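Chain by chain, the residues run as shown.
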Amino acid sequence: MNLLFIAAVVVLIIIVLIALSGDGHLKTEAANPAEVQGAFTLLLYGSGSPNDLANIAILDKEGDPYSFEIYAPDFSYTVQGGLSAAQALQEAERFVRRNIQSERSRLHRVLSPAGTGIGFEVRPLYSAETFGRDDILDVRYSIKDRKIVVRIALDPAIERQFTN
């Protein structure tokens with residue numbers, strides 16, 4: 001009886017974990033600007049204020065089966081299509097560096113579940129002396145039916161610094 005009960009509990013736990021896992025989460029890895037090739041749709045997230053810390057640029061490669069969608073109100077981001085790699089990178093860099101506190105930027109490749117590159121992100125990096133670390137964004141990529149949903153926020157620890 002105990003063995004049957006334990007097996008039932010284990011199966012139930014596995015079912016719950018599978019149900020809670022929901023969408024697959026995607027990873028990113030460091031990229032070199034020379035790797036950005038082709039045509040892109042550029043998604044620029046962040047307000048028009050130069051004081052906004054939560055700015056990021058997503059480069060969605062055109063012609064592949066994936067599409068990126070930012071999980072935020074439409075007024076929080078803009079979309080520019082049909083850009084060359086050079087145009088997309090230049091505009092992304094300009095956008096994320098508009099905050100006076102931004103010291104540099106970081107380019108990462110967004111990976112599909114199979115591990116191939118399906119887009120890029122350019123995010124600002126800030127003074128580690130000011131914020132405790134240079135990367136202060138919490139960006140999560142999830143996939144469902146070839147749609148990449150991007151959730152963007154300040155890191156919760158950084159957010160707490162501003163609200164306290």
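Being a predicted model, the structure only gives us computed values, none of them experimental.

A.B. asks: Mind showing me how you'd approach the sheet that holds strand S8 (residues 117-126) here?
C.D. replies: Strands sit in the order S2-S7-S8-S4-S3-S6 across an open sheet of six strands; the sheet is antiparallel. Of all the strands in the sheet, just strand S2 (28-30) and strand S6 (77-84) have a single pairing partner and so form its edges. Looking at each pair of strands side by side, their axes are set apart by 25° on average, direction ignored. Where strand S3 (residues 39-45) lies against strand S4 (residues 56-61), six bridges are found, and the strand directions are antiparallel. Considered in S4, the bridge of Thr 41 is made with Asp 60.

A.B. asks: I keep staring at the pairing of S8 and nothing clicks. Help me out?
C.D. replies: Along a regular strand, successive side chains alternate from one face of the sheet to the other. With nine of its ten residues buried, S8 lies for the most part within the structure. Two elements, S4 and S8, share four bridges in a ladder whose sense is antiparallel. Bridge pairing links Asp 60 to Gly 119 in S8. As paired strands, strand S7 (residues 102-111) and S8 are joined by nine bridges and run antiparallel to one another. For Leu 107, the partnering residue across the bridge sits in S8 and is Val 122. Here S7 folds back onto S8 in antiparallel fashion, the turn holding five residues, of which Gly 115 has a positive phi close to 95°.

A.B. asks: Any chance you could explain helix H2 (residues 85-96) here in plain terms?
C.D. replies: One turn of the α-helix equals 3.6 residues, which is why residues spaced by three or four share an orientation. Here H2 is twelve residues long and its end C-alpha atoms lie 16 Å apart, about the 16 Å a rise of 1.5 Å per residue gives. Within the sequence span of H2, burial applies to Ala 85, Ala 88, Leu 89, Glu 91, Ala 92, Phe 95 and Val 96. Considering only its buried residues, H2 is in contact with S3, S4, S6, S7 and S8.

A.B. asks: What am I meant to see in the pattern of salt bridges here?
C.D. replies: Close approach of charged atoms allows side chains of opposite charge to pair. Applying the stated criterion across every chain yields a total of 13 salt bridges. The residue Arg 123 makes a salt bridge to Glu 121 at a minimum N-O spacing of 2.9 Å. The same class applies to Arg 123 as to Glu 121, namely buried. Among the salt bridges present, the one from Arg 133 reaches Asp 155, with a minimum N-O distance of 2.5 Å. With Arg 133 in the loop between helix H3 (128-131) and strand S9 (137-144) and Asp 155 in the loop between strand S10 (147-154) and helix H4 (156-163), this pair connects stretches of sequence that are 22 residues apart. We classify Arg 133 as partly exposed; its relative accessible area is 32%. By relative accessible area, which is 19% here, Asp 155 ends up buried.

Conventions and cut-offs
Residues numbered from 1 in each chain as written. Predicted model: local features only at pLDDT ≥ 70, side-chain atom pairs only at ≥ 80, totals over all residues. Heavy atoms only, no water. Pairing = 2+ DSSP bridges. Helix = DSSP H or I, 4+ residues; strand = E, 2+ residues; numbered from the N terminus. Axes fitted to C-alpha atoms, helices over the stretch in contact; angles between N-to-C directions. Buried < 20%, exposed > 50% of the residue type's maximum accessible area, 1.4 Å probe, protein only. Expected span 1.5 Å × (residues − 1). Contact = heavy atoms within 4.5 Å. Salt bridge = Lys/Arg side-chain N within 4 Å of Asp/Glu carboxyl O.

Remember that the coordinates give geometry; whether it matters functionally is a separate question.
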